[in-house]
Amino acid sequence: MNHLEDGNYQAVANICYAGLKVSPKDSEFMLLLAQAYRDSDNLEQALKWYKKLINTEEEIIISKN
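Because the structure is predicted, anything quoted here is derived from the model rather than measured.

Enquirer: Tell me what's going on with the overall build of the protein chain, and back it up with residues and numbers.
Expert: Of the regular secondary structure elements, the protein chain holds four helices and zero strands. The N-to-C order of helical and strand elements in the protein chain reads α-α-α-α. Considering only C-alpha atoms, the protein chain reaches an extent of 40 × 25 × 15 Å along its principal axes. Classification of the 65 residues of the protein chain by burial places 25% in the buried group. Sequence separation of at least 24 residues holds for 33% of the intrachain contacts in the protein chain that already meet a minimum separation of 6. Separation between the mean location of the 7 positive side-chain charges and that of the 10 negative ones in the protein chain comes to 8 Å.

Enquirer: Can you break down the environment of Ser40 residue by residue, with the values?
Expert: Along the polypeptide, Ser40 turns up in the loop between α3 (27–39) and α4 (43–64). Since its relative accessible area comes to 34%, Ser40 is described here as partly exposed. C-alpha separation for the pair Ser40 and Lys25, spaced 15 residues apart in sequence, amounts to 23 Å.

Enquirer: Could you give an account of the confidence of the model for the protein chain, with specific residues and numbers?
Expert: Per-residue pLDDT for the protein chain has a mean of 91; in total, 94% of the residues score no lower than 70. Of all helices and strands in the protein chain, the one with the weakest mean pLDDT is helix α1 (residues 3–6) (71), whereas α3 scores best (95).

Enquirer: Please provide a residue-by-residue account of the packing of helix α2 (residues 9–22) against α3, values included.
Expert: Two measures define how a pair of helices packs: the angle their axes make with one another and the distance between the axes. Where α2 contacts α3, the axes come no closer than 9 Å and their chain directions differ by 155°. Taken together, the axis directions place α2 and α3 in an arrangement best described as roughly antiparallel. Considering how the two elements wind past one another, α2 and α3 form a crossing that is left-handed. Residues Tyr9, Val12, Ala13, Ile15, Cys16, Tyr17, Gly19 and Leu20 of α2 form the contact with α3, whose own contacting residues are Phe29, Met30, Leu32, Leu33, Ala36, Tyr37 and Asp39.

Calculation criteria
- Residues numbered from 1 in each chain as written.
- Predicted model: local features only at pLDDT ≥ 70, side-chain atom pairs only at ≥ 80, totals over all residues.
- Heavy atoms only, no water.
- Helix = DSSP H or I, 4+ residues; strand = E, 2+ residues; numbered from the N terminus.
- Buried < 20%, exposed > 50% of the residue type's maximum accessible area, 1.4 Å probe, protein only.
- Contact = heavy atoms within 4.5 Å.
- Lys, Arg positive; Asp, Glu negative; His and termini not counted.
- Charge placed at Lys NZ, Arg CZ, Asp CG, Glu CD.
- pLDDT = per-residue confidence, 0-100.
- Axes fitted to C-alpha atoms, helices over the stretch in contact; angles between N-to-C directions.
- Parallel < 35°, antiparallel > 145°, perpendicular 65-115°, else oblique.
- Left-handed = near helix turned anticlockwise from the far one by under 90°.

Shown next, in the form of structure tokens:
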């Protein structure tokens, strides 16, 4: 079952927040959370999570160099 495709954005958010508690730098959870907020027209929160995703990915790239 794909909650994002089904429009169950709250379920997606709950799963993502639980996953981020365990793995705070998990980019997949951040991306799904941003998409859920975007698709539910909460653009402020979507932008927050897209920015967090970008910053996290930059940190990972920098730490590998």
